[in-house]
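# Descriptive analysis of the structure
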Amino acid sequence: MKNIFLIIFFCFLSNNLRAETISTVTTDETTKTITEDLTITSTGSRTCESRNTCVKVDAEGLTITNRGTLDNSGDDTDIVIKASGSDDANDVKIYNYGTMSATGNSTLFIPNLEDNNSDGIGGYVYNSGTITAGRTFTIRYHSSNLIKIDNYGTISNTNSNGQALFGYGDTNTTINNYSSGTISASNGKYAIHTTESGGDAFSTNTTINNWGTITAPKETISLGISSTINNYGSIISENTNKFSIRARGNNNKVNLYDGTILVGYL
């Protein structure tokens, strides 16, 4: 029994060595590079005030959980969380129950990710709080494979050229917007942009399941190649002369089920 007890105790300590918790208000001007799990409690916050990435993920399989506030608040500041496959950030999982916001380039920057642990997900975002940006992109995931986004809260962009979700050259992305969820670009171009950009490849095999509200003042959703929308909620272009859903590539499917509200061209 003593040997069993010692083994269990050792494993418990080893798991907790790869975790950091922020439970107080913190302000910094430098990038925080993490190689261990990070949790921000409901009493905690991290605010970055210079043009830097606030949190950079530099190890595979990490989990970031935010119940407080994580933001870049300085003038023209950059990315709040950067998890790029080129930095060995595959299989990252981001859980937001609080607020994440950026005045800079992107709030979540998760490109070039792959599924290296064979769980079917290259990178995961769960949101039941608020994720917002004041510049062009809120969540950017281009060239990734098997990104999954589950939204129960608000994902928004307030920039005049804004895009709330932005992917190109990505494959097998799944976006679930549940009944309490809103994805919006209140002043910008797209709520969900999944086509080509600057001559780069189309998004392929994107699946969008919507029970909530997706809205933008112009084209609300753009689709790439071989993608599917299953809609039970509202997809709204605030300009009825614009597209609520626009298929720019081939072999796309749009399934409209009971409860659908569609405003704009299809």
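Here's what I pulled together on the structure shown here. (Residues numbered from 1 in each chain as written. Predicted model: local features only at pLDDT ≥ 70, side-chain atom pairs only at ≥ 80, totals over all residues. Heavy atoms only, no water.)

Glancing now at the overall build of the chain. If you tally the helices and strands in the chain, you get one helix and 29 strands. Computed over C-alpha atoms, the radius of gyration of the chain comes to 19 Å, within 12% of the 18 Å expected from 2.2 N^0.38 for 266 residues, which places it in the range of a compact globule. Along the first, second and third principal axes, the C-alpha atoms of the chain reach 70 × 45 × 35 Å. Relative to its full complement of 266 residues, the chain shows a buried share of 50%. Considering only intrachain contacts with a sequence separation of at least 6, the fraction spanning at least 24 residues in the chain is 68%. Here the chain displays about 11400 Å² of accessible surface, and carbon together with sulfur accounts for 46% of that area. Of the charged side chains in the chain, 18 are positive and 25 negative, and the gap between their average positions amounts to 3 Å. (Helix = DSSP H or I, 4+ residues; strand = E, 2+ residues; numbered from the N terminus. Rg over C-alpha atoms; globule rule 2.2 N^0.38 Å. Buried < 20%, exposed > 50% of the residue type's maximum accessible area, 1.4 Å probe, protein only. Contact = heavy atoms within 4.5 Å. Areas by Shrake-Rupley, 256 points an atom, 1.4 Å probe, with all protein chains shown as cover. Lys, Arg positive; Asp, Glu negative; His and termini not counted. Charge placed at Lys NZ, Arg CZ, Asp CG, Glu CD.)

It is worth spelling out the sheet that holds strand E28 (residues 253-256) at this point. Overall, parallel pairing links the ten strands, which are arranged E1-E4-E7-E10-E13-E16-E19-E22-E25-E28 in an open sheet. Each of the sheet's edge strands pairs with one partner strand only, and the pair in question is strand E1 (19-22) and E28. Each strand axis lies, on average, 5 degrees off the axis of its neighbour in the sheet, ignoring direction. (Pairing = 2+ DSSP bridges. Axes fitted to C-alpha atoms, helices over the stretch in contact; angles between N-to-C directions.)

What follows is about the pattern of salt bridges. For the structure on display, the rule yields five salt bridges. Linking Asp28 and Arg46 is a salt bridge whose minimum nitrogen-to-oxygen distance equals 3.7 Å. Highlighted residues: Asp28 in strand E2 (residues 25-28) and Arg46 in strand E5 (residues 45-48), separated in sequence by 18 residues. A salt bridge links Arg246 to Glu219, with the shortest nitrogen-to-oxygen separation between them at 2.6 Å. You can see Arg246 sitting in strand E27 (residues 245-247) and its partner Glu219 sitting in the loop between strand E23 (213-216) and strand E24 (221-223), a full 27 residues away along the chain. Its relative accessible area of 30% is what places Arg246 among the partly exposed residues. Classification of Glu219 as buried rests on a relative accessible area of 10%. (Salt bridge = Lys/Arg side-chain N within 4 Å of Asp/Glu carboxyl O.)

Turning our attention to the state of the cysteines. For the structure shown, the criterion picks out one disulfide. Shown here is the disulfide that connects Cys48 with Cys54, its sulfur atoms set 2.0 Å apart. Since a negative S-S torsion denotes a left-handed disulfide, the Cys48-Cys54 link at about 75 degrees is right-handed. Neither residue differs from the other here; Cys48 and Cys54 are each classed as buried. (Disulfide = S-S within 2.5 Å.)

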